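Here is what each chain is made of, one letter per residue.
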Amino acid sequence: MDESRWQKSACILCECNCGIEVQVQDRSLAKIRGDKTHPGSEGYTCEKALRLDHYQSRTVRLTSPLRRRADGTYEEIDWDTAITEIAARLKAVRDTHGGDKIFFYGGGGQGNHLGATYNKALQGAVGAKYQSNALAQEKTGEMYVDGRLYGGHTKGDFEHAEVVVFVGKNPWQSHSFPRARPVLKQLAADPERTMVVIDPRRSESAAMADIHLQVRPGTDAWCLAALGAILVQEDLVDHAFIDDHTSGAESLLAAYREIDVTDYADRCGVPEDLLRETARRIGTAKSVCTYEDLGIQQAPHSTLSSYLNKMLWILTGNFAKPGAMFLHSSFAPIAGAAPGGGGSRRPKSAMQRALGTATDLAAAAAVRLPAVLPDFLATRLGALLQPPVAKVAGGGSGAKPTGGGRRTPVTNARIIAGLVPCNSIAEEILTDHPDRFRAMWIDSVNPAHSLADSESFREAMRALDLTVVIDIAMTETARLADYVLPASTQFEKWECTFFNVDFPRNVFHLRAPVMSPLPGTLAEPEIYTRLIRELDVVGDSVLEPLRRAARRGRKQFALAFFTAVGSNPKLMPLAPYLLRETIGETLPEGAAGTASLWGAAQLCAMANPKSVRRAGFDGTGFEPGDKLFDTVLRGEGVVFTLDDYEHAWDYVRRPDRRFTLEIPELLDRVRALADEPSSWVTEEFPYVLSAGERRSFTANTIIRDPSWRRRDHDGALRINAADAAGLGVGTGDRLRVVTERGQADAVVEVSDMMQAGHISLPNGMGLDNGSAKVTGVAPNELTSLHHRDFLAGTPWHKYVPARLERIDA
Ligand SMILES: Nc1nc2c(c(=O)[nH]1)N[C@H]1C(S)=C(S)[C@@H](COP(=O)(O)OP(=O)(O)OC[C@H]3O[C@@H](n4cnc5c(=O)[nH]c(N)nc54)[C@H](O)[C@@H]3O)O[C@H]1N2
Ligand SMILES: Nc1nc2c(c(=O)[nH]1)N[C@H]1C(S)=C(S)[C@@H](COP(=O)(O)OP(=O)(O)OC[C@H]3O[C@@H](n4cnc5c(=O)[nH]c(N)nc54)[C@H](O)[C@@H]3O)O[C@H]1N2
Ligand code: SF4
Ligand SMILES: [Mo]
């Protein structure tokens, strides 16, 4: 490999995955720049991408599978031994307790989802039924609301909106949409446009905003309810939109009419006049979009706040037009379907097309399709065709409005989007209940650091019969596992993410490796493939005909593949593995692991035929999917769907394409706000600690080398000047933070960002990198499991009651 050339890749530090170009020298990323040809990021990166070599070559890497000894130390074992032993132990758990007792956590981080497709296949191979990942401690409340309202994920057109509302979101630091900083700067500079930020803290974004609603921590529900109430009471709602595009508005509007705006303004600490000015601006703008994030999703009333936030743009008709909100396509699901399920017109017609395609091809090839194929395509394949958050929570025709859905086996917690609430995981394990989980499979995540109440999680891991971690480093979680499997980094293998959430152009980027794998490591697709082979769940009688078809050509393969899984639905969960073992063998050297994306590309083309065709992938039958797959294999960012603004309606998963506004269990909560307390601190713990703020040098726990941070090296505890003076401390001093669950010492930064009574610590700190030295506070040593949302079970990381103590005493 010519190492001085620029190679295309992407940043892996947040879900934007900005396109980058790198030069490699001696296995390090010697030069990094933004990729101007990338259709999403267009050359943009933030300062963090330029420090990616701290991930690639300054992480103390794992280079051999490790097995835990009885005394808690680890010994190196070879890959064959690891695969054989782990497969045997998985089988033992499955045969003794049932495959559903093997719990899967993670599967991908901010940059690596390719392995997750094979992780799903392993779940299928052992008969697992329960899984989760970080989305179930942030996004499941919003997913629930999205599922009930319209059955899809929404995003905003921030580049063109006249009014943008950020709710508990600091995009200057955390990004989450392409080219966030230039977009924010333009918004702030344009006198015709208004930026609203709802945040108790004067964040970088709040400081740029035209309107900053500086709520008291945790009181967003009152703030958002008051904004909606003003829209309704001052008649700023879009009646035509409500009449034409929604159902169930009456009870919602009635609830808003009853709200005492003056009282709610008082409760959230924002002047009533400012709330009225904001609501009027929202109610009269040509276009409005909103972005909600952790500030409400990890705070009291989070699911309710998501509902109230969405009403701001729905009541004002801000959907499917420039500058407004939209639903979008997805290349592949990032989470599963969940309780309820809306009647969906699009997937069904997509299935009919798929069936038509298969039938035509069968006729051409003079093959008889199995009789079960129509049924299969209408049911099983349909589930796969759903976008990430479709069918999240009922609504639509035939679905129970309560969104009953699946529950966890021990604590009966609600499973949303197929994910067990993160705060329930330890509780599902630390019990005598016969249905408790017995084994845990952990990949590309660090739950012993990222889940609330780290001590409970550590106990849970120790209580299990088998724990396996796949990671590149010996993390806080890996150190508790029975087996640790070393992965190649995201620059040493083919990778991609399914964070493809844009509109009207949606971008998918499959990245090629920029260097060879570190000896001893394997890419996840290879790890899973070896394990599934060892589990021996698919015989050669299935694989051989598919291999032969793959050698004959893509069309023949497509037909054989869909026919095989159609006639034997048990093969469906194993589809990524089948593809890897068959069509994977026809792909360029080292790229066999991308085979699952052939299936994803086919399903994407079937689910979004017009949009995929508009993006340039045309033809009949399986051709569009094949073309899409071949194009992504070039290793560049690819626009895979192209829409017009009004096409956003096509993504609404409802037979009548109407939004279902009434969510009874949340409406009850809206009404209850009038009489509820709006503060949860106590005399013993009088401060609100936000445990896990995004700063210029935080990136979850992806970079372990502390020297990557150019600022805020210690991860300071931010505190308001009056509070600091009261405690007699200044910047650089240390304070002890004490919560009901733990305590930690932190370096103080007196900051005018903070309001009195509110303190904050950054996320992703408290890691070591192979030595005992740890920098900063690991936030979840301070958080508890029981502080969580009533409906989604999402944690209150942003609202941890705490007290501060001087250390010198
Ligand atoms: N630099 C950087 N960027 C990242 C990441 C990272 O680690 N570092 N992580 C990525 C990930 S995984 C995610 S999920 C996103 C998260 O992105 P954000 O949600 O934007 O990140 P946070 O800083 O955790 O929280 C946002 C804001 O919520 C505010 N907040 C605290 N309490 C409340 C409250 O009660 N009400 C309101 N309205 N606001 C409150 C905080 O002051 C903060 O400014 O960032 C992504 N981007
Ligand atoms: N208190 C508090 N807790 C929080 C948050 C908060 O704000 N406050 N934020 C929450 C949020 S929003 C999120 S998203 C989570 C994030 O927390 P997690 O979901 O646990 O994810 P990461 O911290 O990103 O961990 C990524 C892991 O993947 C490993 N890794 C990197 N590359 C590869 C690879 O190619 N293959 C494999 N197998 N592994 C790899 C890294 O070494 C690291 O161990 O944290 C959550 N926890
Ligand atoms: S951290 Fe996020 S915004 Fe910054 S370069 Fe990486 S992907 Fe882009
Ligand atoms: Mo996140």
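This structure is a prediction, so every number in the text was calculated from the model and none was measured. (Residues numbered from 1 in each chain as written. Chains lettered and ligands numbered in written order. Predicted model: local features only at pLDDT ≥ 70, side-chain atom pairs only at ≥ 80, totals over all residues. Heavy atoms only, no water.)

(A) Focus on the nonpolar core. One finds Leu275, Tyr307, Phe319, Ile425 and Phe659 to be the most contacted residues of the largest nonpolar core, which totals 122 residues. Ranked by residue count, the leading element in this core is helix α8 (residues 220-233), at 11 residues. In terms of domain composition, this core takes at least three residues from each of domain 2 (154-327) and domain 3 (680-806). Apart from residues no more than four positions distant in its own chain, Phe659 is found in contact with Leu149, Tyr150, Phe241, His245, Thr246, Ser247, Trp313, Ile314, Phe319, Trp649 and Val652. Listed in part, the 97 residues of the second largest apolar core include Tyr528, Ile532, Leu543 and Leu633. (Core = buried A, V, L, I, M, F, W, Y, C linked by side-chain atoms within 4.5 Å. Buried < 20%, exposed > 50% of the residue type's maximum accessible area, 1.4 Å probe, protein only. Helix = DSSP H or I, 4+ residues; strand = E, 2+ residues; numbered from the N terminus. Domains from an automatic or database assignment. Contact = heavy atoms within 4.5 Å.)

(B) Main features of the sheet that holds strand β4 (residues 66-68). Taken in spatial order, the 7 strands line up as β5-β4-β17-β16-β15-β6-β7 in an open sheet, and their pairing is mixed. The open sheet is flanked by β5 (74-76) and β7 (131-132), the only strands paired with a single partner. Most of the contacts of helix α20 (residues 524-535) go to strand β15 (residues 439-443), to which it runs at about 150 degrees, and overall it touches β15, β16 (466-471) and β17 (483-486). (Pairing = 2+ DSSP bridges. Axes fitted to C-alpha atoms, helices over the stretch in contact; angles between N-to-C directions.)

(C) Geometry of the UniProt feature "domain: 4Fe-4S Mo/W bis-MGD-type" (unreviewed entry) in the protein chain. The UniProt record marks residues 4-60 with the feature "domain: 4Fe-4S Mo/W bis-MGD-type" (unreviewed entry), using the residue numbering of this structure. Between the first and last C-alpha atoms of residues 4-60 the distance is 25 Å; the span itself is 7% helix and 32% strand. (UniProt positions renumbered as here; feature names shortened; annotations may be inferred.)

(D) Looking closely at the domain arrangement of the protein chain. Per the domain assignment, the segments of the protein chain are domain 1 (7-56), domain 2 (154-327) and domain 3 (680-806). Domain 2 puts 23 residues into the contact, and the matching count from domain 3 is 21 residues. Across the domain 2-domain 3 interface, the total number found is 1 salt bridge. Of the charged contacts, one joins Arg201 and Glu693 as a salt bridge, the two residues approaching to 3.2 Å between their closest N and O atoms. Viewed at the interface, domain 3 and domain 2 are joined by 10 residue pairs in polar contact (both at pLDDT 80 or more). Of all the elements in the fold, those that place two or more residues in the side of domain 2 that touches domain 3 are α5 (171-174), α13 (294-297) and α14 (302-314). Of the residues forming the side of domain 2 that touches domain 3, the biggest block, 3 residues, is contributed by α13. (Salt bridge = Lys/Arg side-chain N within 4 Å of Asp/Glu carboxyl O. Polar contact = N/O pair within 3.5 Å; in protein donor to acceptor, adjacent residues only side chain to side chain.)

(E) Structural detail: the sheet that holds strand β11 (residues 211-213). In space, the 4 strands of this open sheet follow the order β11-β10-β9-β13, with parallel pairing throughout. The sheet terminates laterally at β11 and β13 (288-292), the two strands that pair on one side only. The sheet shows a mean angle of 15 degrees between the axes of neighbouring strands, direction not considered. In terms of strand pairing, strand β10 (residues 194-198) meets β11 through 3 bridges, oriented parallel. Of the residues in β11, the one forming a bridge with Val196 is Ile211. Contacting β9 (163-167), β10 and β11, α8 runs over the sheet at an angle of about 145 degrees to β10.

(F) Quick peek at the pairing of strand β18 (residues 505-509). In terms of burial, β18 is largely enclosed, as 4 of its 5 residues are buried. With 5 bridges connecting them, β18 and strand β19 (residues 637-642) associate as antiparallel partners. Paired with Val507 across the bridge in β19 is Val639.

(G) Structural context of the pattern of salt bridges. As enumerated under the stated definition, the model contains 56 salt bridges in all. Measuring nitrogen to oxygen at the nearest pair gives 2.8 Å for the salt bridge that ties Glu234 to Arg276. Of the two residues, Glu234 sits in the loop between α8 and α9 (239-245) while Arg276 sits in helix α12 (residues 272-284), which places them 42 residues apart along the sequence. For Glu234, a relative accessible area of 27% translates into the label partly exposed.

(H) How the structure looks around the packing of aromatic side chains. Counted according to the given criterion, the structure contains 36 aromatic pairs. Aromatic side chains Tyr130 and Phe437 sit 5.6 Å apart centroid to centroid with 55 degrees between the ring planes, which places their arrangement in the tilted category. Of the two residues, Tyr130 sits in the loop between α3 (114-126) and β7 while Phe437 sits in the loop between α17 (425-429) and β15, which places them 307 residues apart along the sequence. As far as burial versus exposure is concerned, Tyr130 and Phe437 are alike and both buried. Ring centres 5.9 Å apart and planes at 85 degrees place the aromatic pair Phe561 and Trp598 in the edge-to-face group. (Phe/Tyr/Trp six-rings, centres within 6.5 Å; stacked < 30°, edge-to-face > 60°.)

(I) Focus on α8. Taking 1.5 Å of rise per residue, the 14 residues of α8 would be expected to cover 20 Å, and the 19 Å separating its terminal C-alpha atoms lies within 8% of that figure. Among the 14 residues of α8, 13 are classified as buried, and the element is accordingly described as predominantly covered. Just beyond α8, the residue with positive phi is Asp235, at close to 55 degrees. (Expected span 1.5 Å × (residues − 1).)

(J) Structural view of the environment of Gly34. With respect to the element layout, Gly34 can be found in strand β3 (residues 28-34). The sequence separation of Gly34 and Thr45 amounts to 11 residues, and the corresponding C-alpha distance is 5.7 Å. The residues contacting Gly34, other than those within four sequence positions of it, are Gly19, Ile20, Glu21, Gly43 and Thr45.

(K) Just the site of ligand 2, in detail. Asp471, Glu524, Ala691, Arg694 and Thr701 are the nearest of the 31 residues found near ligand 2. Between ligand 2 and the protein, one listed contact pairs a nitrogen atom with a side-chain N or O atom of Gln490 at 2.9 Å. Within the side chain of Asn780, a nitrogen or oxygen atom sits 2.9 Å from a nitrogen atom of ligand 2. For ligand 2, the protein covers 95% of the area, taking 920 Å² as the surface of the free molecule. At the level of secondary structure, the elements contributing two or more residues to the shell around ligand 2 comprise β16 and β21 (687-693). (Near = heavy atom within 4 Å. Areas by Shrake-Rupley, 256 points an atom, 1.4 Å probe, with all protein chains shown as cover.)

(L) Highlighting the environment of Trp796. With respect to the helices, strands and loops of the structure, Trp796 is situated in the loop between β25 (758-762) and β26 (800-806). Here the alpha-carbon distance between Trp796 and Thr45, two residues 751 residues apart in the chain, equals 31 Å.

(M) The arrangement of the environment of Tyr144 in detail. One can find Tyr144 in helix α4 (residues 140-149). With a relative accessible area of 1%, Tyr144 lands in the buried category. Placed 91 residues apart in sequence, Tyr144 and Asp53 show a C-alpha to C-alpha distance of 38 Å. Polar side-chain contacts of Tyr144 include one of 2.2 Å to the side chain of Glu665.

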